[in-house]
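Overview (structure and organization)
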Amino acid sequence: MTSPLSFDLDRTYPVPPDRVWAAWTRADLLERWVLPDPEWRLSQCEVDAHQGGGYRLRFGPRPAGDEYTETATFTVFQPVEKLVLDTLTEGEGMKERSRATVLFRPVAGGTRLELTVEAVEGIDTLDHLRTGWQWCLEGIAAQVSA
């Protein structure tokens, strides 16, 4: 059960769990799906794939000039099973923290990814993060099927 300022999403992909895991833990794959909006650009993508490591992304600028960074720490790193990421997103008047738990479940014909985002600091942030993560899960689908 999640708190009111949390949400769950899931998606099933027609590939083995190691392919979905790699999409989260390899910079060359992460940069292909992490853009939450087709107008955004990614100017930095670094991944340090181990317990205590994480990723750092720099988004923007969009045509409107928005720019932000997202830094995540892998507080749990169980290869091809589970990631827990403590995330800080900052930029132009924005500072959002959250925790994402990602489970990689083998299922017949592929992988079920279960995502829980919690510790969100406000309803506007919750809506923003939910929309972004929905785009990301769609991006993963395009990336793993390529």
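You'll find the structure just up there.
Here's a quick rundown of the structure. (Residues numbered from 1 in each chain as written. Predicted model: local features only at pLDDT ≥ 70, side-chain atom pairs only at ≥ 80, totals over all residues. Heavy atoms only, no water.)

**A closer look at the nonpolar core**
In this structure, Tyr13, Trp24, Trp33, Leu113 and Trp133 are the most contacted members of the largest nonpolar core, which totals 37 residues. Among the elements that take part in this core, helix 3 (residues 123–144) stands out by supplying 8 residues, more than any other. (Core = buried A, V, L, I, M, F, W, Y, C linked by side-chain atoms within 4.5 Å. Buried < 20%, exposed > 50% of the residue type's maximum accessible area, 1.4 Å probe, protein only. Helix = DSSP H or I, 4+ residues; strand = E, 2+ residues; numbered from the N terminus.)

**Description of the side chain of Thr25**
Position of Thr25 relative to the elements: it lies in helix 1 (residues 17–25). Among the polar contacts made by the side chain of Thr25, one reaches the main-chain carbonyl oxygen of Trp21 at a distance of 3.1 Å. With residues up to four places along the chain from it excluded, the contact list for Thr25 reads Val47, Ala49, Phe77 and Leu83. (Polar contact = N/O pair within 3.5 Å; in protein donor to acceptor, adjacent residues only side chain to side chain. Contact = heavy atoms within 4.5 Å.)

**Quick look at the sheet that holds strand 1 (residues 7–13)**
Two strands in a sheet stick together by hydrogen bonds in their backbones, pointing the same way (parallel) or opposite ways (antiparallel). Across the sheet, 7 strands lie side by side as 1-7-6-5-4-3-2; this open sheet has antiparallel pairing. Strand pairing shows two members of the sheet lacking a second neighbour, strand 1 and strand 2 (42–48), which therefore form its edges. For this sheet, the mean inter-axis angle between neighbouring strands, taken without regard to orientation, is 15°. As defined by bridge partners, strand 1 adjoins strand 7 (residues 110–118) across 7 bridges and the pair is classed as antiparallel. Paired with Phe7 across the bridge in strand 7 is Val117. Sitting on the sheet, helix 3 is in contact with strand 1, strand 6 (94–107) and strand 7, with an inclination near 10° to strand 1. (Pairing = 2+ DSSP bridges. Axes fitted to C-alpha atoms, helices over the stretch in contact; angles between N-to-C directions.)

Structural measurements only, silent on function.
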